[in-house]
Amino acid sequence: MTSGTAQTGDSRGALIRVSQLWKSYPGTAVLERINLVVERNEFVTVVGASGCGKTTFFKLLLGEEQPTRGTIFVAGKPLAPEPGKDRGVVFQRYSVFPHLTVLENVLVGLELRRSKFLCRSFGRRRRDEIEQCERMLERVGLLSSANAYPDALSGGMQQRLALSQTLITGPEILLLDEPFGALDPGIRADMHGLVRELYSELKLTVLMITHDLSEGFRLGTRLLVFDKVRVDPHEPDAYGATITYDVPVSRNRNNGNEPTIAALESGV
Amino acid sequence: MRLINQRPSRGAAIIVAALPFAALVVIYLTFSDIRLEANPQDKLLPSVESFADAIQRMAFEPSVRTGKILLWADTAASLQRLFIGIGVSALAGFTFGVLNGMIPWFSAAWSPLVRVLSMIPPIAILPILFIMFGLGELSKVVLIVFGTAPFIMRDMEQRVRELPGEQIVKAQTLDANTWQIAVRVVAPQVMPRLMDAVRLSLGAAWLFLIAAEAIASTEGLGYRIFLVRRYLAMDVILPYVAWITLLAFLLDAAFRKLNAFLFPWYGTNR
């Protein structure tokens, strides 16, 4: 935080390290004893019942909320207590700006990075940036809608736009909070393909929250299950959830996965 | 078919909408005729001819005393006060709302004061304004500002808070600082909402304008109505009221159109 030059001494080390993380609100424990190490270029999916604290964990990683105890390290440094440019994000809804067209929604990331006062770029630089954005839009299949407002787009197209908006500035980490939860099954399959492709092309480190176990298995390289191990039936909020399963997922989708899912589903 | 499921066609809707207006006119003319029959000097319900005379006098002939055409001079004076007042309110409401909605420290300091100020009935401080700012233009404009700004400020603050938190987080992950979030994310999105708040405040602005003009003024629509009241000049008052209503209606329509034109993304997304 103090020096402007990035410390890359730990470049082959873990990208995200979470140690002894606890989060509680007055009267409610949400998370307890979370320990996690995520290496570069992992695709981690997080599943769990609703109310198990996976969204709270997501907000902690974003920097939107602060842990009660414990620390999150990103690239070896403790996380600043607010969202930052190293972690791109796509939410289930409201990820894009409704007052900007599709092209402007992508362009805004570049403009915000370069122009700290006017918040806009001009002239030749602007033309270059627009070209860069158009390449990105073409990549996700939105170029023909470049001048439309997000309101006119379908849910799937809005999420494509949200992805390109986030990825144009090149964040190392991509955080996804149930990004496909509101989409139709067919569209969802398309989006899975797109996310997988972008993940390998851009060498991203992805952390995705989902309530769909099979989606978690299909997409990720590693699956985390959040659940409560200690339950007091008289006081359900007394104990928080923690990571109960941490399974590597084989990329070879056609064999071996289905029994594991079944085993895990019966376990959860 | 149930009554709740029967809808008038477009033509039928226009006809039923016109009926109450027509009924009002017919009732007026009937009673006007009855009264004028009994007493041709009656001033309470003037005839159509007296209206035509009054309108001719007020709107098309220069006044013998000042040489100005009164209706236009009054309209210009009133609209000027209205626009300055509502403009200052809009500016204050926008600035305050964005700061208050975005910056917790700012809102902690200023929200309570604005909440208290907005509880003061504006007309009650009109004497104070006359004492402090004199009987000229300033006190009238200040009354309009005092009457409308607190509402716009609080409405804007609310609109800023209503923006989805996801957008603010998203902007931060795009490396935006507070200023940039205000300029690129918050301000453009509350602009059309500001236009709406101003439009809804126009009714209150007219009220305060006419009240201030009635008490101390030398021209203006409200001044004229209260002046000719002394002579029971219904033939002037009624056309003036109709004119004010028309102006209010046109302003409202203009704001709606302007909003739709300037902010095409707005409206469908509400």
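How each quantity is defined
Residues numbered from 1 in each chain as written. Chains lettered and ligands numbered in written order. Predicted model: local features only at pLDDT ≥ 70, side-chain atom pairs only at ≥ 80, totals over all residues. Helix = DSSP H or I, 4+ residues; strand = E, 2+ residues; numbered from the N terminus. Rg over C-alpha atoms; globule rule 2.2 N^0.38 Å. Buried ≥ 20, exposed ≤ 12 C-beta atoms within 10 Å, placed from the backbone. Contact = placed C-beta atoms within 7 Å. Nonpolar A, V, L, I, M, F, W, Y, C, P; charged D, E, K, R; others polar. Pairing = 2+ DSSP bridges. Axes fitted to C-alpha atoms, helices over the stretch in contact; angles between N-to-C directions. pLDDT = per-residue confidence, 0-100. Expected span 1.5 Å × (residues − 1). Bend = angle between axes of the 7 residues up to and from the residue. Right-handed = clockwise from strand over helix to strand, strands pointing away. Core = buried A, V, L, I, M, F, W, Y, C linked by C-beta atoms within 7 Å.

J.: So what exactly am I meant to see when it comes to the overall build of chain B here?
T.: Tallying secondary structure elements over chain B gives 10 helices and zero strands in all. Written out in order from the N terminus, the α and β elements of chain B read α-α-α-α-α-α-α-α-α-α. In terms of overall size, chain B is more extended than a compact globule, its C-alpha atoms giving a radius of gyration of 24 Å where 270 residues would be expected to give roughly 18 Å. Counting all 270 residues of chain B, 31% fall into the buried class. Long-range contacts, defined here as pairs at least 24 residues apart, represent 71% of the contacts in chain B between residues at least 6 apart.

J.: Explanation requested: the overall build of chain A in the structure shown.
T.: Helix and strand content of chain A: seven helices and 10 strands. Within chain A, the fraction of its 268 residues that count as buried is 37%. Counting contacts in chain A only where the partners sit at least 6 residues apart, residues at least 24 apart contribute 70% of the total.

J.: Any chance you could explain the interface of chain B and chain A here in plain terms?
T.: How big an interface is tends to be reported as the loss of accessible area on association of its parts. Taken together, the 20 residues of chain B in the interface contact 26 residues of chain A. Mapped by element, the contributors of at least two residues to the side of chain B that touches chain A are α7 (165–173) and α8 (178–215) of chain B. Tallied by class, residues from the side of chain B that touches chain A come to eight nonpolar, eight polar and four charged.

J.: Just checking my understanding: could you explain the sheet that holds strand β10 (residues 242–248) of chain A for this structure?
T.: Sheet strands associate in pairs through backbone hydrogen bonding, adopting either a parallel or an antiparallel arrangement. All names here are of chain A. Strands sit in the order β6-β7-β8-β3-β9-β10 across an open sheet of six strands; the sheet is mixed. Each edge of the sheet is formed by a strand with only one pairing partner; in this case those strands are β6 (87–90) and β10. Taken over all neighbouring pairs, the strand axes of this sheet differ in orientation by 20° on average, direction set aside. When strand β7 (residues 173–177) meets strand β8 (residues 205–209), the two strands line up parallel, connected through five bridges. When the bridges of β8 are listed, Leu175 appears paired with Leu207.

J.: I'm lost on the sheet that holds strand β4 (residues 69–74) of chain A in this one. Help?
T.: All names here are of chain A. Ordered by their spatial adjacency, four strands build an open sheet running β2-β1-β4-β5, and the pairing between neighbours is antiparallel. The open sheet is flanked by β2 (28–38) and β5 (77–78), the only strands paired with a single partner. As paired strands, strand β1 (residues 16–25) and β2 are joined by seven bridges and run antiparallel to one another. Bridge assignment links Lys23 to a residue of β2, and that residue is Leu31. Strands in contact with helix α1 (residues 54–62) are β1, β2 and β4; relative to β2, the strand with the most contacts, it is inclined by about 60°.

J.: Before we go on, may I ask you to explain the confidence of the model for chain A in this structure?
T.: Caution applies to low-pLDDT parts of the model: their predicted coordinates are not meant to be read in detail. Residues and elements named next belong to chain A. Looking at chain A, the pLDDT average stands at 85 and 89% of residues meet or exceed 70. Long-range and interchain partners of residues 1–12, a stretch whose pLDDT sits below 50, account for four contacts in this model, where long-range means more than four residues apart. Across residues 253–259 the pLDDT falls below 50, and counting only partners more than four positions away or on other chains, this stretch makes four contacts in the model.

J.: Explanation requested: helix α6 (residues 137–162) of chain B in the structure shown.
T.: Within an α-helix, residues lying three or four positions from one another point in the same direction, as the helix has 3.6 residues per turn. Residue and element names in this part refer to chain B. End to end, α6 covers 37 Å across 26 residues, agreeing with the expected 38 Å (1.5 Å per residue, within 8%). In the structure, α6 departs most strongly from a straight axis at Thr148, where the bend amounts to approximately 35° and where the proline Pro150 lies between one and four residues downstream. With 19 of 26 residues buried, α6 lies mostly within the body of the structure.

J.: I'm lost on the pairing of β6 of chain A in this one. Help?
T.: Residue and element names in this part refer to chain A. The alternating pattern of β6 places Arg87 and Val89 on one face and Gly88 and Val90 on the opposite face, and all of these are buried. Where β6 lies against β7, four bridges are found, and the strand directions are parallel. Following the sheet pairing, Val90 is matched in β7 by Leu176.

J.: Is there a simple way to explain the environment of Ser115 of chain A in this structure?
T.: Residue and element names in this part refer to chain A. Considering the arrangement of structural elements, one finds Ser115 in the loop between α2 (102–114) and α3 (123–140). The exposure class assigned to Ser115 is partly exposed, which follows from the 16 C-beta atoms found within 10 Å. Linking Ser115 and Leu137, residues 22 residues apart in sequence, is a C-alpha distance of 22 Å.

J.: Quick question: what am I supposed to make of helix α4 (residues 155–167) of chain A here?
T.: Under the 1.5 Å per step criterion, the end-to-end length of α4 of chain A is 18 Å for 13 residues, consistent within 8% with the ideal 18 Å. The buried fraction of α4 of chain A amounts to 10 of the 13 residues, a majority that puts the element mostly inside the structure. Every buried residue of α4 of chain A is accounted for by Gln158, Gln159, Arg160, Leu161, Ala162, Leu163, Ser164, Gln165, Thr166 and Leu167 of chain A. In this fold, the buried residues of α4 of chain A make contact with β6, α2, α3, β7 and α5 (185–201) of chain A together with α7 of chain B.

J.: Explain unusual backbone geometry here, please?
T.: The phi torsion of most residues other than glycine is negative, and most of the peptide bonds are trans. One non-glycine residue, Gln20 of chain A, lies in positive phi territory at about 45°. In this fold, Gln20 of chain A is placed in strand β1. Residue classification places Gln20 of chain A among the exposed residues on the basis of 12 C-beta atoms within 10 Å. Phi at Asp175 of chain B is positive, roughly 70°, even though this residue is not glycine. Of note, Asp175 of chain B is situated in the loop between α7 and α8.

J.: Even after reading the chapter, I still don't get the pairing of β8 of chain A, so can you show me in this structure?
T.: Side-chain positions along a regular strand alternate between the two faces of the sheet. All names here are of chain A. Most of β8 sits inside the fold, with five of its five residues counted as buried. Judged by which residues are buried, β8 turns out to be covered on both faces: Thr205, Leu207 and Ile209 on one side and Val206 and Met208 on the other are all buried. Read from β7 through α5 to β8, the crossover connection turns out right-handed.

J.: Looking at this structure, I do not really get the environment of Ala233 of chain B. What am I missing?
T.: All names here are of chain B. Within the element layout of this structure, Ala233 appears in the loop between α9 (221–228) and α10 (234–262). Looking at Ala233, the number of C-beta atoms within 10 Å reads 19, which means it is partly exposed. C-alpha of Ala233 to C-alpha of Pro20: the two residues are 213 residues apart in sequence and 26 Å apart in space.

J.: Just to check I follow, could you spell out the nonpolar core for this structure?
T.: The nonpolar side chains of soluble globular proteins are, as a tendency, buried together. Core analysis: the largest hydrophobic core is formed by 108 residues, its most contacted members being Val46, Leu175, Val206 and Leu207 of chain A together with Ile144 and Met156 of chain B. If one sorts the elements of this core by residue count, α8 of chain B sits on top with 14 residues. Excluding residues that lie within four positions of it along the chain, Leu207 of chain A makes contacts with Val38, Val44, Val46, Leu61, Ile173 and Leu175 of chain A.

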